[in-house]
Amino acid sequence: MSGQAIRNDPTFRPGRQIPWWLFAAVLGVAAAIAAGSIALQGANEEGLLHITRYTARFAFLIFVVVFAAGALAQLFPSDTTRWLKRHRRYLGLSFALAHFIHLGALTSWFVAIGEMPETVTIIGGGLAYIFIALLALTSNDWSVRKLGPKVWRRLHLTGVAYVWLIFMNSYLGRLASETPPEPRVIFAITAGLGFLALGLRITAWAARRRSRSRALVG
Ligand code: HEM
């Protein structure tokens, strides 16, 4: 690919300032979740389970913003939505950091209770972690150039869609459960946010298609 083509690629942003404070904020919130969970539940298995749940919820909130950032900037252009879109890469990396903290918490919990997760969870969740690691490792200009924008975009679209599915599987499962571990409203909000973000992406995609076909006709 020529230098010009790379510069024209929408995923290529040379010389972006890395907002390190985002990663510091993720570590700060994770530390606050751990401290709050231990204060509420104690430094025991219950405390670890609480940390596991809340680190997943925190990571999900970042994920949903990354998932919807492009659509938000397109449908509701403003300084804020443009900022979110411009910093999507670093928000995505912040999500990866937050979700690997969830992995650390859930591993500690399983060690504490002396059990293993179900095989289906290890396979389904494990594949999501492989995708998250791949997306994080390829979130740089060098990878965009090496893979080419088409392959890079396909990888990121597949990975992000799979992670969305795993989140929705967790939340819809809890919503449908007769004995959800916490008030159902929490899972209704998180599942609702996931579907809202998906709806925004579909709306933005349809609008782009419409304007492309109008341009072709005109
Ligand atoms: C091997 C991989 C994984 C294992 C073993 C695992 C295990 C767990 C465990 C034990 C909990 C706490 C369950 C409870 O509250 O009783 C949990 C919570 C959760 N996990 Fe994971 N997880 C894995 C990967 C993932 C992935 C990849 C995602 C999302 C992409 C995810 C999303 C969630 C969510 C959303 C919750 C919290 C639900 C809530 O709000 O209460 N997990 N996980």
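Please refer to the structure placed before this passage.
Here we summarise the structure given alongside this text. None of the values given here were measured: they were computed from a predicted structure.

**A look at the overall build of the protein chain**
Inference 1: For the protein chain, the count of helices and strands is 9 helices and 0 strands.
Inference 2: Ordering the α and β elements of the protein chain from the N terminus gives α-α-α-α-α-α-α-α-α.
Inference 3: Across its three principal axes, the protein chain shows a C-alpha extent of roughly 65 × 35 × 35 Å.
Inference 4: Residues counted as buried form 22% of the 218 residues belonging to the protein chain.
Inference 5: Taking the intrachain contacts of the protein chain between residues at least 6 apart in sequence as the baseline, contacts between residues at least 24 apart amount to 68%.

**So, the environment of Gly 92**
Inference 1: Along the chain, Gly 92 turns up in helix α5 (residues 88-113).
Inference 2: On the basis of neighbour counts, which here come to 23 C-beta atoms within 10 Å, the residue Gly 92 falls in the buried class.
Inference 3: Linking Gly 92 and Ser 139, residues 47 residues apart in sequence, is a C-alpha distance of 8.3 Å.
Inference 4: With sequence-adjacent residues up to four places away left out, Gly 92 is seen in contact with Val 66, Leu 135 and Ser 139.

**Considerations on the nonpolar core**
Inference 1: Counting 34 residues, the largest nonpolar core has Ala 59, Ile 62, Phe 63, Val 66, Phe 95 and Ala 98 as its most contacted members.
Inference 2: The set of elements that each furnish at least two residues to this core consists of α2 (20-41), α3 (45-75), α5, α6 (119-137), α8 (149-176) and α9 (184-217).
Inference 3: Examining the composition of this core, we find that 14 residues originate from one element, α3, more than from any other.
Inference 4: Those residues in contact with Ile 62 that lie beyond four places of it in its chain are Leu 91, Ser 94, Phe 95 and Ala 98.

**Regarding the site of the ligand**
Inference 1: In the vicinity of the ligand there are 20 residues, among which Ala 56, Pro 117, Gly 125, Ala 128 and Ile 166 approach most closely.
Inference 2: Sorting the residues of the shell around the ligand by element identifies α3, α5, α6 and α8 as the ones contributing at least two each.

Rules of the game
Residues numbered from 1 in each chain as written. Predicted model: local features only at pLDDT ≥ 70, side-chain atom pairs only at ≥ 80, totals over all residues. Helix = DSSP H or I, 4+ residues; strand = E, 2+ residues; numbered from the N terminus. Buried ≥ 20, exposed ≤ 12 C-beta atoms within 10 Å, placed from the backbone. Contact = placed C-beta atoms within 7 Å. Core = buried A, V, L, I, M, F, W, Y, C linked by C-beta atoms within 7 Å. Near = placed C-beta within 6 Å.

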